[in-house]
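Given next are the chains, with one letter for each unit.
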Amino acid sequence: MAVWDDVVGQDRVTAQLAAAARDADAFVTAERQGTGAQAGSGPGEQPQQAPDPEAQSGPQSESESEPGPSADRGSASQMTHAWLFTGPPGSGRSTAARAFAAALQCVSPDRALGGAPGCGFCDGCHTSLVGTHADVEIVRTDLLSIGVKETRDLVRRSSLSPAGGRWQVIVLEDADRLTEGAGNVLLKAVEEPAPRTVWLLCAPSVEDVLPTIRSRCRHLSLRTPPIGAVADVLVRRDGVEPEAADRAARATQGHIGRARRLATDERARARRAAVLKLPLRVDDIGGCLKAAQELIDAAGEDAKQVAEDVDTKETEELRAALGAAAGTGGRLPRGTAGAMKELQDKQKRRSTRTQRDSLDLALVDLTGFYRDVLALQMGASVPLANDEVRDSIHRIATASSPERTLRRIEAVIACREALDRNVAPLLAVEAMTAALRAG
């Protein structure tokens, strides 16, 4: 199975990445054979990026890049040192970046016979995909932001030569979470990369990345995958029954990660079912306040579950590393309290993000409900995303107007924006439920 098989519904993106991986492989091979770099690059330099005539058009708008300073418009190479993957949630940005990282590290012997890098079976591909390759650093965060300290560590890592002699690849899955200071630290490394270093940045949109960084990256824009393609990958990769896979893919409107969770996690299905009952429970102010509190409680329960699964293990590992006595009651050695306080602060920030992510997921499901209501009101021929609650959707649709439905959708969007601005979650959700009642 090639590394591209899990990049769902992004044929033109994978074609561009596969071409870049071939050029990168040719560059390494030529340099090792002492024949010089491919496509106009000098020995030890980055292969150069050429403009892709198809990248500026097409239904997916694959590339809106502004070539970086190393780009050579006379070059035939499709490879460059920095890439920016953007697309809506669930489009598979990080999956595409990881697949590309694996293709860059592919050591399949079939390459010598004309095979494309990215076989998916060799040691380079396998270890890159599972996150154990020595030259592939995959960075994701459970926190609200990525700070200067973490970014400086990444920049230091990027300056090292590849241990395996191919490429040093840094995959930053949450580039949109870089603070302004962290972005400025990263800029220098992206602007003047070390030889054989490749940066793969992922973000929802180009606006989420500093202009100075995105101007030095080749931009690939991913689309929301087709529902049928998402259902197919759930059946093929996760062993989900076809009917359940189709229902999950349709309910999440092509969001790969959410569809997998919905198809495989009974608790996720229960939480979603509770959210879809909310529009029928906001008939009075008391119902609004109760529904808001239940949403907050459910998000808090998610955060508590993550804490139980991760925090205790992290704390015990740190205590052991610091030389504390066995058991949670053992005293810490003198001078180590600061390290424990730093871990506790990190866990608190992670809990906050988990709660917000859970709330945001509920609000996305709520938006999908009102989208179905609006579709019925307007007589649209699109299939309902939440067909299992068709009766509730029909009841709301007949009792209100399209104008009221649009105002309710705007209220949900306003709640998401308020949470992004650090408004107290309960206050934001209560304001939303009151607005849903008023319509």
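Residues numbered from 1 in each chain as written. Predicted model: local features only at pLDDT ≥ 70, side-chain atom pairs only at ≥ 80, totals over all residues. Heavy atoms only, no water.

**Let's talk about the overall build of the protein chain**
Right, on to step 1. Across its full length, the protein chain carries 15 helices and five strands.
Right, on to step 2. By residue count, 47% of the 439 residues in the protein chain fall in the buried class.
Right, on to step 3. Pairs at least 24 apart in sequence give 72% of the contacts found in the protein chain among residues at least 6 apart.
Right, on to step 4. For the protein chain, the exposed surface amounts to about 20,700 Å²; the carbon and sulfur share of it is 52%. (Helix = DSSP H or I, 4+ residues; strand = E, 2+ residues; numbered from the N terminus. Buried < 20%, exposed > 50% of the residue type's maximum accessible area, 1.4 Å probe, protein only. Contact = heavy atoms within 4.5 Å. Areas by Shrake-Rupley, 256 points an atom, 1.4 Å probe, with all protein chains shown as cover.)

**Examining the pairing of strand S3 (residues 168-172)**
As a general feature of sheets, a regular strand has side chains that alternate between the two faces.
Right, on to step 1. Taken across its five residues, S3 has five buried, putting it largely inside the fold.
Right, on to step 2. Burial along S3 is two-sided: Gln168, Ile170 and Leu172 and Val169 and Val171, pointing in opposite directions, are all buried.
Right, on to step 3. Relative to S3, strand S2 (residues 136-139) is paired through four bridges, and the arrangement is parallel. By the bridge assignment, Val139 is partnered in S3 with Leu172. (Pairing = 2+ DSSP bridges.)

**So, the pattern of salt bridges**
Right, on to step 1. Evaluation of the coordinates by the stated rule reveals 26 salt bridges.
Right, on to step 2. Where Asp25 meets Arg111, a salt bridge forms, and the shortest distance between an N and an O atom there is 2.4 Å. Taken as a pair, Asp25 in helix H1 (residues 11-32) and Arg111 in the loop between helix H2 (93-104) and helix H3 (123-130) lie far apart in primary sequence, 86 residues in all.
Right, on to step 3. Take Asp25: its relative accessible area is 11%, and that puts it in the buried class.
Right, on to step 4. Here Glu192 and Lys188 are joined by a salt bridge, their closest N and O atoms 3.3 Å apart.
Right, on to step 5. Among the residues examined, Glu192 registers a relative accessible area of 51% and is labelled exposed.
Right, on to step 6. Owing to a relative accessible area of 49%, Lys188 belongs among the partly exposed residues under this scheme.
Right, on to step 7. One network of salt bridges, with partners in common, ties together Asp6, Asp232, Arg236, Arg237, Asp238 and Arg260. (Salt bridge = Lys/Arg side-chain N within 4 Å of Asp/Glu carboxyl O.)

**Looking at helix H13 (residues 390-399)**
Right, on to step 1. Looking at H13, one finds that the buried residues are Ser392, Ile393, Ile396 and Ala397. Here the buried residues of H13 occupy an arc of 130° about the axis, which is enough to place them on one side. Exposed side of H13, more than 90 degrees from the buried face: Asp391, Arg395, Thr398 and Ala399 are the residues found there. (Arc of directions from axis to C-beta.)

**A look at the sheet that holds strand S1 (residues 82-86)**
Right, on to step 1. Read across the open sheet, the five strands follow the order S2-S3-S4-S1-S5; overall the sheet is parallel. With one partner strand each, in any of the chains shown, S2 and strand S5 (218-221) form the two edges of the open sheet. Each strand of the sheet is rotated relative to its neighbour by a mean of 15°, with strand direction disregarded.
Right, on to step 2. Strand contacts of H1: S1 and S5, with the helix running at about 145° to S5, the strand carrying the most contacts.
Right, on to step 3. Across the sheet, helix H4 (residues 148-158) touches S2, S3 and strand S4 (197-203), and the angle it forms with S3 is around 160°. (Axes fitted to C-alpha atoms, helices over the stretch in contact; angles between N-to-C directions.)

**Thoughts on the nonpolar core**
Right, on to step 1. Leu17, Trp83, Phe85, Phe100 and Leu200 are the most contacted members of the largest nonpolar core, which totals 36 residues.
Right, on to step 2. Counting residues per element, the ones that place at least two in this core are H1, S1, H2, S2, S3 and S4.
Right, on to step 3. Formed by 32 residues, the second largest nonpolar core is a distinct cluster that contains Ile396, Ala411, Cys415 and Leu436. (Core = buried A, V, L, I, M, F, W, Y, C linked by side-chain atoms within 4.5 Å.)

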